[in-house]
Amino acid sequence: MQQYTPVAGPKRAAARFGCARRAGEKYRCNAGLEIQGELPSRTRYHWKGVRLSFTLLRLNRPILECVWYRMKCQQCDKPAVFHITELESGAVRELHLCEDHARNYLNQSELNQSEGPDAGGGEESEEGSPAAGDLPGPLGVGQTAGELAMLDQRACDMCGITFFEFRNQGRLGCPHDYVQFENELEPLIGNIHGGTEHAGRRPSRAAAEAGKQPNEQQSTQPQAELPTQAELPVGTDELTRVIGMRREMKEAIACEDYEKARENRDAIRALEERWSLEER
Amino acid sequence: MKLETLTQSIGEWLRGTGPESDIVMSSRVRLARNVAHYPFVGRASEQDRAEIERFLRERIATVPIGQGLEYIDVGHLEEIDRQFLVERQLISREHADAQGARSVAIDRMEQVSLMINEEDHLRIQCMHSGLDLRGAWEQIKVVDDQIEKVVPYAFHPRWGYLTACPTNVGTGIRVSVMLHLPALVITRQIDKVFRSLHKISLAVRGLYGEGSQATGDFYQISNQTTLGKTEEELVEQVGDVVPVLIDYERRAREFLVRETQQNVHDQVSRAYGILRTAQTISAEETMQLLSRVRMGVLLGLIGDVKISDINVLLVRTQPAHLQKLRGVELDSNDRNIERARYLRQHFEGDDAGARTSIN
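Residues numbered from 1 in each chain as written. Chains lettered and ligands numbered in written order. Predicted model: local features only at pLDDT ≥ 70, side-chain atom pairs only at ≥ 80, totals over all residues.

*Asks:* Help me understand the overall build of chain A in this model?
*Replies:* For chain A, the helix and strand inventory stands at eight helices and eight strands. A burial count over chain A gives 26% of its 280 residues as buried. For chain A, contacts bridging at least 24 residues in sequence account for 46% of all contacts bridging at least 6. (Helix = DSSP H or I, 4+ residues; strand = E, 2+ residues; numbered from the N terminus. Buried ≥ 20, exposed ≤ 12 C-beta atoms within 10 Å, placed from the backbone. Contact = placed C-beta atoms within 7 Å.)

*Asks:* Looking at this structure, how should I read the overall build of chain B?
*Replies:* Along its length, chain B carries 14 helices and 10 strands. Its C-alpha atoms give chain B a radius of gyration of 21 Å, within 12% of the compact-globule value 21 Å for 359 residues. A total of 359 residues make up chain B; the buried ones form 52% of that total. Within chain B, residue pairs in contact and separated by at least 24 positions form 68% of the contacts whose partners lie at least 6 positions apart. (Rg over C-alpha atoms; globule rule 2.2 N^0.38 Å.)

*Asks:* Explain the interface of chain B and chain A here, please?
*Replies:* Where the parts come together, the accessible area they lose is often given as the size of the interface. Each partner contributes residues to the interface: chain B has 42 residues there, and chain A has 44 residues. For the side of chain B that touches chain A, the secondary-structure elements that each account for two or more residues are β6 (155-156), α8 (190-199) and β9 (202-205) of chain B. Considering every element that reaches the side of chain B that touches chain A, the biggest residue donor is β9 of chain B, with three residues.

*Asks:* Honestly, the nonpolar core in this entry has me stumped. Any pointers?
*Replies:* It is characteristic of soluble globular proteins that their nonpolar side chains tend to be buried jointly. Val104, Leu114, Leu133, Leu179 and Val293 of chain B are the most contacted members of the largest nonpolar core, which totals 116 residues. When neighbours within four sequence positions are excluded, valine 104 of chain B is seen to be in contact with Ile72, Val74, Leu85, Leu90, Ile91, Ser113, Leu114, Met115 and Ile116 of chain B. (Core = buried A, V, L, I, M, F, W, Y, C linked by C-beta atoms within 7 Å.)

*Asks:* I tried to follow the packing of helix α11 (residues 283-298) of chain B against helix α12 (residues 307-316) of chain B on my own but got confused; where do I start?
*Replies:* Each pair of packed helices gets described by two things: the angle between the helix axes and the distance between those axes. All names here are of chain B. At a closest axis distance of 10 Å, the pairing of α11 and α12 adopts a crossing angle of 170°. Put simply, α11 runs roughly antiparallel to α12. Here Met287, Leu290, Val293, Arg294 and Val297 of α11 lie close against α12, whose contacting residues are Ile307, Ile310, Leu313 and Leu314. Grouping the constituent residues of the contact of α11 with α12 by class yields eight nonpolar, no polar and one charged. (Axes fitted to C-alpha atoms, helices over the stretch in contact; angles between N-to-C directions. Parallel < 35°, antiparallel > 145°, perpendicular 65-115°, else oblique. Nonpolar A, V, L, I, M, F, W, Y, C, P; charged D, E, K, R; others polar.)

*Asks:* Please clarify how the sheet that holds strand β8 (residues 173-180) of chain B should be interpreted in this entry.
*Replies:* Backbone hydrogen bonds hold the strands of a sheet together, and the pairing may be parallel or antiparallel. All names here are of chain B. Overall, antiparallel pairing links the eight strands, which are arranged β2-β3-β4-β5-β1-β8-β10-β9 in an open sheet. Since the sheet does not close on itself, it has two edges, and those belong to β2 (69-72) and β9, each with one partner. The average angle at which neighbouring strand axes cross in this sheet is 20°, direction not considered. Helix α9 (residues 231-259) contacts β1 (24-33), β8, β9 and β10 (218-223) of the sheet and is inclined by roughly 10° relative to β8. (Pairing = 2+ DSSP bridges.)

*Asks:* Teacher, can you tell me more about the environment of arginine 241 of chain A here?
*Replies:* In this structure, arginine 241 of chain A sits in helix α7 (residues 237-254). Sequence spacing of arginine 241 of chain A and proline 175 of chain A is 66 residues, and the spatial spacing of their C-alpha atoms is 9.5 Å.

*Asks:* I keep staring at the confidence of the model for chain A and nothing clicks. Help me out?
*Replies:* Detailed conclusions should not be drawn from predicted coordinates in areas where pLDDT is low. All names here are of chain A. Averaged over all residues, the pLDDT of chain A equals 63, while 44% of them reach at least 70. The least confident element of chain A is strand β1 (residues 7-8), whose mean pLDDT is 32; the most confident is helix α5 (residues 177-180), at 90. For residues 61-70, every residue scores under 50 in pLDDT, and the model assigns this stretch 56 contacts once sequence neighbours within four places are set aside. Every residue in residues 114-142 scores below 50 in pLDDT, and together they form 47 contacts with partners more than four places removed in sequence or on other chains. (pLDDT = per-residue confidence, 0-100.)

*Asks:* How should I be thinking about helix α8 (residues 258-274) of chain A in this particular structure?
*Replies:* Think of an α-helix as turning once every 3.6 residues; residues three or four places apart then point the same way. Residues and elements named next belong to chain A. Taking 1.5 Å per residue, 17 residues should reach 24 Å; α8 reaches 24 Å between its end C-alpha atoms and fits that length. Residues of α8 that are buried in the fold lie against α7. Phi turns positive one or two residues past the end of α8, at serine 276, with a value near 55°. (Expected span 1.5 Å × (residues − 1).)

*Asks:* Looking at this structure, how should I read the pairing of β1 of chain B?
*Replies:* Residues in a regular strand point their side chains to alternate faces of the sheet. All names here are of chain B. Most of β1 is tucked away: 10 of the 10 residues are buried. Two strands pair when backbone bridges link them, and β1 and strand β5 (residues 122-129) are joined in this way by eight bridges, in the antiparallel orientation. Bridging from a neighbouring strand, arginine 28 pairs with methionine 127 of β5.

*Asks:* Is there a simple way to explain the packing of helix α10 (residues 261-277) of chain B against helix α14 (residues 332-348) of chain B in this structure?
*Replies:* All names here are of chain B. Close contact between α10 and α14 brings their axes to 6 Å; oriented N to C, the two are set at 110°. One way to sum up the angle between α10 and α14 is to call them roughly perpendicular. The segment α10 lies against α14, with Leu275, Arg276 and Thr277 engaging Leu343, Arg344 and Phe347. Of the residues in the contact of α10 with α14, the class split is three nonpolar, one polar and two charged.

*Asks:* Would you explain the confidence of the model for chain B in this entry?
*Replies:* All names here are of chain B. Here chain B averages 86 in pLDDT, and 91% of its residues register 70 or above. Every residue in residues 350-359 scores below 50 in pLDDT, and together they form 11 contacts with partners more than four places removed in sequence or on other chains. Interface confidence in the predicted complex, given as ipTM, is 0.82; pTM for the same model is 0.70.

*Asks:* Quick question: what am I supposed to make of helix α6 (residues 182-193) of chain A here?
*Replies:* All names here are of chain A. Its 12 residues give α6 an end-to-end C-alpha distance of 15 Å, which sits within 8% of 16 Å, the value for a rise of 1.5 Å per residue. Within α6, burial applies to Leu185, Leu188, Ile189, Ile192 and His193. Relative to the axis of α6, the buried residues are bounded by an arc of 115° and lie together on one face. Each element contacted by the buried residues of α6 is listed here: α5. Positive backbone phi, approximately 80°, marks glycine 194, located one or two places after α6. (Arc of directions from axis to C-beta.)

*Asks:* I would appreciate a short explanation of unusual backbone geometry in the present structure.
*Replies:* With the exception of glycine, the majority of residues adopt a negative phi angle, and the majority of peptide bonds are in the trans configuration. Residue and element names in this part refer to chain B. Here the phi dihedral of glutamine 89 falls at roughly 65°; this positive angle occurs in a residue that is not glycine. If you trace the backbone, glutamine 89 turns up in the loop between α4 (79-87) and α5 (93-97). Taking the C-beta count within 10 Å as the criterion, glutamine 89 has 23 such neighbours and is therefore assigned buried. Look at glutamate 110: it is not a glycine, yet its phi comes out positive at around 60°. Among the structural elements, glutamate 110 can be located in the loop between β3 (103-107) and β4 (112-116). The buried category is assigned to glutamate 110, around which 20 C-beta atoms lie within 10 Å.

*Asks:* Just checking my understanding: could you explain the environment of isoleucine 65 of chain B for this structure?
*Replies:* Residues and elements named next belong to chain B. Positionally, isoleucine 65 belongs in helix α3 (residues 64-67). In this structure the C-alpha to C-alpha distance between isoleucine 65 and serine 308, which are 243 residues apart in sequence, comes to 30 Å. Setting aside its immediate chain neighbours within four residues, isoleucine 65 contacts Val142, Val143 and Gln146.

*Asks:* What is the right way to read the environment of leucine 298 of chain B from this model?
*Replies:* Mapped onto the elements of the fold, leucine 298 of chain B is located in helix α11. It is 9.6 Å that separates the C-alpha atoms of leucine 298 of chain B and isoleucine 23 of chain B, two residues lying 275 residues apart in sequence.

Written out as structure tokens, the structure reads:
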């Protein structure tokens, strides 16, 4: 069964950018899909009517005007979002699955492999990279599908974005995510930048000495006593809590719990005043 | 300053008067900042975005640098005006095409532009003509310091300035230089250059930044990492590489003149000829041909055209500029015809009113 309907397209698309598709190279299209290996350049694909361009990652410039057409799940009729390459002995098997079927498939194979000794090579691979256990997403950390599924459910306390949403869109939801998902982001950020400690300029807040480490890990009640304006910490996670408070306030209003809504509103005002967001 | 008055001037990046401006078109420094008490733009609701936009606009207006800025509400602009700003490199393509409340504040010299609600809440950009990264960095530092006094930037002691995309976290700085490298393209050394740049973690992009093509032999070199180094080190990292590239390009040009004079002269002359006599011409082709002619002028192969003229043409033949200049909206085919007419008139030079004055 063909998963996609190719529309015959010009080879000159590849020649035009001076760089034909190559095996072993990594490409990313502007919808966030990453492909490794041969990009079929003689065919054109459409994906939801959107014209995609593929960028050769090592050069960071578009090399192919190519669009992906109606990649359907192999087990149902929904669009395929997981593209898995199984490297079995001697054979390479490509799977295109929608979210649910992919989850089933991966959980299934994880169950199958948990019987034998866990030599670390038992995870299924994706996009041709062996023994990494990576699902689409930039994690680069060896994780089983089960662990990843659990991690995906975790959400930010403030803005509510789930880790799964972040992995799919590549963007975080609010500043608090960097605190909430600090451990998971660390290897990712280390991969991107080669360093994980900020060395550059810092905001010059009132009375904040350089090198002073504020208590940004606090997760105590938002109603805790707030120190005075003169002791503003350099990190702004305290202020970011307003995002969560605003969300709670809206929910409280929707549930007609006006008492709680009022408390939230007062807490928000106090914080905003402390950080001098109100008009002076 | 309305948009119409901008059409009279040429903009900063094509002014062509900075150091090394035969090869370096512009130097640009960009800082990505977010306010701490709202979600990032991608997650913010429509109302959030409007509130962020209003908050930033009001706060920026209270600082000295903010008072010298012209404010433009991009969300309510016509498409052609948005395209116009993109061509001027004052806003990015994403900013023009996005939805929701967003705006930009620009200074009169068109050197400083503050984008509100692009990928991050606030993107400060400073652009100088020619090779002047240090000057751009000093200017943008002042802007950042002033705004930081009235806006609480989202900051983490370990991760630095927090941004929507982890690829920008830390310093949030993007240092980039726009180079014109036609000789390296002709001598097919450009791929080698890219590879070596990539090894020292510098990114190469086309004329309009991320996701754009290298039209007209213009390339943007920028840093890829933003965390772990100071801003000065990143500025130096890019700044140190540029003289090397300039050297390569100059040597490639010399090589072309020495070894293949006939060939290069022919290519350049053909480009010049087409520009002067075509009846319909696309923007892309115009840019390619102008790039050749520009190199021809710099190599001394074409005598009767000035570099500043080429720069004027590079900006005025772009779609939105062309339409605003003629004061009429045109579809693609008509634009190509109009562009060709504009070029013919310019090179002939004696039609009354054909040559618009350059400020």
